[in-house]
Amino acid sequence: MKYRRAGEAILASSPDVISDISFAIEDGGFRWLTGASGAGKTSLLKLMYLAEHPSLGRIDILGTQAARISRREMALLRRRIGVVYQDFRLLDHLSAYDNVALPMRLARKSEAQIRADVTELLRWVGLSGKLDRRPAELSGGEQQRIAIARAVVGRPKLLVADEPTGNLDDDQAERLMLLITALNRLGTTVVVATHNLNLVRRYPAPRLELAGGRLVADG
Amino acid sequence: MKVAPRRIDRLGLRSAMADRLLPSVVGAMSFLAVLALAGTIAAATLASQWQGDTGAALTVQVPDPRRLAAAGGIDRTAAVLGVLQATPGVTGARALTGPELDALLEPWLGQDTAKLALPVPAVITASWSGTGSLDGLRAALDEAAPGTLAETGARWAARVAALTGSLQASAAAVLLIVALVAAAVLSVATHAGLAQRREAIEIIHGLGALDSDIADRFAIRATVLAAAGAAIGAVLALPVLFWLAALAAPFAGIVPHPGPPTLPAILWIELPAVPLAAAAIGWVTTQFTVRGWLRRLA
């Protein structure tokens with residue numbers, strides 16, 4: 001078990017799917033997370049966005065040791081983490097607008113601020129004409145853009161994205177990367193899991209590479 | 001631009017927690033609870049009435065009433081009446097008239113008891129406000145007219161008290177069972193809603209919802225449905241209560257009057273408590289159920 005003592009760090013060690021993994025990411029850092037299917041990328045991301053807890057080891061996120069905080073503090077910590085899920089995980093009974101507004105509503109933001117931020121973000125991802133559409137009425141790429149908008153609308157301190165460009169065309173993928181790098185420049189720590197090595201080459205950044213549930217490259 | 005409503009159904013609970021089945025079941029529970037509640041009130045009212053009347057009644061039987069008493073040159077009935085009127089704590093002593101006695105015995109011996117071969121005793125009624133035993137009075141009556149029997153309603157009053165106590169305990173047990181069943185039904189409905197909306201809950205949970213955010217949503221829904229169901233059940237129980245009140249009126253000493261029967265004022269006060277209690281059970285049960293479920297989630 002290893003851990004980093006300060007700053008925004010993510011350390012994980014789980015004997016189940018991934019094991020003996022130790023690394024640290026500095027505040028405002030950017031990491032690509034790569035590896036073949038089944039290498040453990042999604043499992044590691046789940047530890048990062050606190051959907052799972054390690055059976056062994058220690059995770060420090062945004063300066064907080066996750067295992068030592070209350071359920072309430074855990075929920076508040078989750079609000080500082082934006083997540084783009086591989087399967088989007090949108091609420092099918094809510095409109096695009098309401099899906100994107102969810103993190104802000106949970107954070108008790110004013111409706112005026114929610115309206116301003118959500119409409120701006122949906123315009124930015126090219127969905128300004130589909131605010132009241134439900135996910136089932138949208139294409140896979142459009143659903144992915146909603147998921148991305150929901151992940152970044154709360155200006156998270158940590159953004160974790162699992163194959164965020166998987167359903168996007170090149171133009172949309174480019175726009176997404178511009179958004180992510182802009183957030184990163186503003187201080188958001190970013191971890192993006194991808195198979196798309198072209199994307200990795202176009203946006204050079206340190207890389208965490210997994211193989212067989214173990215970290216085989218960091219840097 | 002379409003502006004989202006402020007109070008949206010984030011978890012889709014309108015479809016996850018059925019708005020017909022749950023109120024129907026809680027309504028049925030409420031119906032039973034109202035009947036049990038009315039039962040406790042009726043038992044208390046009847047007990048008060050019966051104990052007051054029966055406990056104070058003194059009944060004296062004078063066998064061979066027309067025969068002369070041992071002293072005074074008067075018949076045995078008059079002698080016993082004289083003793084009763086002279087005894088402190090005994091008031092209103094009077095012998096039943098022939099027709100009154102006939103009416104009293106008619107169910108067992110038929111009409112016109114004067115023609116019976118059986119000797120019928122005189123019956124004297126009085127009120128007894130004494131606190132001690134009847135032994136002294138019985139001795140005095142027996143001296144005036146040997147074979148005279150005296151009895152108060154205290155023994156019956158004690159039995160009535162025991163009966164009404166049992167009825168009230170049974171009604172309380174019914175209320176408790178109804179409350180527990182309602183809680184169980186609400187818990188099952190909540191679990192079903194949680195299972196149905198598991199993915200939505202996981203998503204909202206992952207976005208940073210507090211346990212209270214999710215539990216409150218379920219609890220508000222369950223509370224509204226439970227209160228509505230209970231209110232309907234209570235209203236539906238009213239015709240039954242009026243019918244039972246009409247049946248029970250003679251036993252409660254209520255003088256019949258024209259118009260529909262009335263219900264005790266205390267019942268009108270307690271009736272609104274049923275939906276309120278259902279709402280409280282709904283809120284507490286759902287909060288416990290959802291928070292326990294969330295603790296197992298992550």
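Along each chain, the written sequence defines residue order, and numbers are assigned to residues from 1. Chain letters and ligand numbers both follow the written order, the letters beginning at A and the numbers at 1. Local features in this predicted model are restricted to residues whose pLDDT is 70 or higher, and side-chain atom pairs enter the listing and the counts only when it is 80 or higher, whereas totals over whole chains, interfaces and linings include all residues. Each side-chain value is worked out from all heavy atoms of the structure, with water and hydrogens disregarded.

Caption draft 1: Broad picture of empty space enclosed by the protein. All names here are of chain A. With a 1 Å grid laid over protein atoms only, a set of points is called a cavity when a 1.4 Å probe fits there but cannot get out and a pocket when it is open yet has protein on both sides within 12 Å along at least five of seven lines; lining residues have an atom within 4 Å of a point. Grid points are joined across faces, edges and corners, and a volume is the space filled by probe spheres set on the points. Counted according to the given criterion, the structure contains three cavities of 30 Å³ or more. Considered as a void within the structure, the largest cavity measures approximately 50 Å³ in volume. Together, W124, V125, R145, I148, Q172, R175, L176 and L179 line the largest cavity. Think of it this way: any DSSP run of H or I at least four residues long counts as a helix, any run of E at least two long counts as a strand, and we number them from the N terminus. Of all the elements, helix α6 (residues 170-185) adds the most residues to the lining of the largest cavity, at four residues. When grouped by side-chain class, the residues that make up the lining of the largest cavity number five nonpolar, one polar and two charged. Lys, Arg, Asp and Glu make up the charged group, whereas Ala, Val, Leu, Ile, Met, Phe, Trp, Tyr, Cys and Pro make up the nonpolar group; the residues left over, Gly among them, are polar.

Caption draft 2: Representation of the sheet that holds strand β4 (residues 149-152) of chain B in the model. Residues and elements named next belong to chain B. With respect to topology, four strands assemble into an open sheet ordered β2-β3-β1-β4, the strand pairing being antiparallel. The open sheet has two edge strands with one neighbour each: β2 (90-95) and β4. When the angles between neighbouring strand axes are averaged without regard to direction, this sheet yields 20 degrees. Where strand β1 (residues 57-62) meets β4, four bridges bridge the pair, whose relative direction is antiparallel. The partner of L58 across the bridge, within β4, is T152. In what follows, residue pairs with any heavy atoms lying within 4.5 Å of each other are defined as contacts. What counts as an axis is a line fitted to C-alpha atoms, over the stretch in contact for a helix, and the angles between N-to-C directions run from 0 to 180 degrees. Along the sheet, helix α3 (residues 76-86) makes contact with β1, β2 and β3 (122-128), crossing β2 at roughly 170 degrees. In this scheme, strands are said to pair when DSSP sees at least two bridges between them.

Caption draft 3: Summary view of the side chain of S95 of chain A. All names here are of chain A. With respect to the helices and strands, the residue S95 is situated in the loop between β4 (81-84) and α3 (96-106). Looking at S95, the relative accessible area reads 13%, which means it is buried. The term polar contact refers here to a pair of N or O atoms within 3.5 Å; inside protein, the definition further demands a hydrogen-donor-capable atom paired with an acceptor-capable atom, and it admits residues adjacent in sequence only when both atoms are side-chain atoms. Reaching out from S95, the side chain makes a polar contact with the backbone nitrogen of D98 at a distance of 3.1 Å. Once you skip the residues sitting within four places of it in the chain, S95 turns out to touch L131, D132, R133 and R134. Per-residue accessibility, obtained with a 1.4 Å probe over protein chains only, is compared with the maximum for each type, and a residue is labelled buried under 20%, exposed over 50%, and partly exposed between these values.

Caption draft 4: Just the nonpolar core, in detail. All names here are of chain A. Among buried residues, the Ala, Val, Leu, Ile, Met, Phe, Trp, Tyr and Cys ones that are joined through side-chain atoms within 4.5 Å form a nonpolar core. In terms of nonpolar packing, the biggest core is built from 39 residues, with W32, V118, L122, L159 and I180 touching the most fellow members. Of all the secondary structure elements, the ones that give two or more residues to this core are β1 (30-35), α3, α4 (111-124), α5 (140-152), β5 (158-162), α6, β6 (189-193) and α7 (197-202). If we skip the residues at most four places from it in the chain, L122 touches A96, Y97, V100, L127, S128, L131 and A149. In terms of nonpolar packing, the next biggest core, distinct from the first, is built from 28 residues, Y49, I69, L77 and V191 among them.

Caption draft 5: Molecular detail of the sheet that holds strand β7 (residues 207-211) of chain A. Residues and elements named next belong to chain A. With mixed pairing, the six strands of this open sheet are ordered in space as β4-β5-β6-β1-β7-β8. In this open sheet, the two edge strands, each paired with only one partner strand, are β4 and β8 (214-218). Taking the axes of each pair of neighbouring strands and ignoring which way they run, one obtains an average angle of 20 degrees across the sheet. In this fold α5 packs onto β4 and β5, with an angle of close to 175 degrees to the strand it touches most, β4.

Caption draft 6: Broad picture of the packing of helix α7 (residues 198-206) of chain B against helix α8 (residues 211-248) of chain B. Residue and element names in this part refer to chain B. Remark: α7 packs on α8, axes separated minimally by 10 Å, with the N-to-C direction vectors making an angle of 145 degrees. The element α7 and its partner α8 pack so that their crossing is right-handed. Along its contact with α7, which presents I201, I204 and H205, the element α8 presents D211, I214 and F218. Partitioned by chemical class, the residues of the contact of α7 with α8 number four nonpolar, one polar and one charged. When the near helix sits turned anticlockwise from the far one by under a right angle, the crossing is termed left-handed; a clockwise turn instead gives a right-handed crossing.

Caption draft 7: Representation of the environment of L50 of chain A in the model. With respect to the secondary-structure elements, L50 of chain A resides in the loop between α1 (41-48) and β2 (60-61). The class of L50 of chain A is buried, set by a relative accessible area of 1%.

Caption draft 8: Quick peek at the pairing of β5 of chain A. Residue and element names in this part refer to chain A. For β5, the tally of buried residues reaches five of five residues, placing the bulk of the element in the interior. On β5, burial covers both faces: L158, V160 and D162 on one face and L159 and A161 on the other are all buried. One ladder, built from five bridges, connects β5 with β6; its direction is parallel. Its bridge partner lying in β6, L159 is registered against V190. A right-handed crossover is one whose linking path, passing over the helix from the first strand to the second, runs clockwise when the strands point away from the viewer. In this view, the connection linking β5 to its parallel neighbour β6 by way of α6 has right-handed handedness.

Caption draft 9: Representation of a nonpolar patch on the surface within the structure. Residues and elements named next belong to chain B. Taken together, I220, V224, W283, V284 and F288 make up a surface patch of nonpolar side chains, about 500 Å² in accessible area. Elements with a contribution of two residues or more to the nonpolar patch: α8 and α10 (273-297). For I220, a relative accessible area of 40% puts it in the partly exposed group. Nonpolar side chains (Val, Leu, Ile, Met, Phe, Trp, Tyr) within 5 Å and like charges within 9 Å form the patches, drawn only from residues with over 30% relative accessible area and no salt bridge. Using a 1.4 Å probe, accessible areas were evaluated by the Shrake-Rupley method; residue-level cover was limited to the displayed protein chains. Basic side-chain nitrogens of Lys or Arg form a salt bridge, by our definition, when they fall within 4 Å of a carboxyl oxygen of Asp or Glu.

Caption draft 10: Fine view of the pattern of salt bridges. Inspection of every chain in the model, using the stated rule, returns 20 salt bridges over all chains. Here R105 of chain A makes a salt bridge to E111 of chain A, at a shortest N to O gap of 3.0 Å. In this structure R105 of chain A comes out as buried when scored by relative accessible area, which is 4%. Across the pair E120 of chain A and R123 of chain A runs a salt bridge whose closest N-O atoms are separated by 2.9 Å. Of the two residues, E120 of chain A and R123 of chain A are both situated in helix α4; the distance of three residues between them amounts to about one turn of the helix. It is possible to trace a salt-bridge network through shared partners that takes in R79 and R108 of chain A together with D213 of chain B.

Caption draft 11: Main features of the packing of aromatic side chains. For Phe, Tyr and Trp, where Trp contributes only its six-membered ring, two rings pair if their centres lie within 6.5 Å, and the inter-plane angle classes them as stacked under 30 degrees, edge-to-face over 60, or tilted in between. Tallying each qualifying case throughout the model produces three aromatic pairs over all chains. Taking 5.3 Å as the distance between ring centres and 85 degrees as the angle between the ring planes, the aromatic pair formed by Y49 of chain A and Y85 of chain A counts as edge-to-face. Here Y85 of chain A lies in the loop between β4 and α3 and Y49 of chain A lies in the loop between α1 and β2, a separation of 36 residues in the sequence. What makes Y85 of chain A buried here is its relative accessible area of 5%. Taking the centre distance of 6.2 Å and the plane angle of 50 degrees together, the rings of F242 of chain B and W268 of chain B count as tilted. Taken together, the residues F242 of chain B in helix α8 and W268 of chain B in helix α9 (residues 265-270) connect sequence positions 26 residues apart.

Caption draft 12: Layout of the confidence of the model for chain A. Residues and elements named next belong to chain A. Looking at chain A as a whole, its pLDDT mean stands at 86, while 93% of the residues score no less than 70. For every residue, the predictor states its confidence as a pLDDT score lying anywhere from 0 to 100. Of the regions scoring below 50 in pLDDT, residues 1-9 engages in 30 contacts with residues more than four places distant in sequence or in other chains. Ignoring residues within four places in sequence, the model shows residues 11-15, a span with pLDDT below 50, making 27 contacts including any to other chains.

Caption draft 13: Summary view of the environment of E142 of chain A. Residue and element names in this part refer to chain A. The residue E142 is located in helix α5 in this model. Take E142: its relative accessible area is 11%, and that puts it in the buried class. C-alpha of E142 to C-alpha of Q172: the two residues are 30 residues apart in sequence and 9.9 Å apart in space. Among the polar contacts made by the side chain of E142, one reaches the side chain of K130 at a distance of 2.3 Å.

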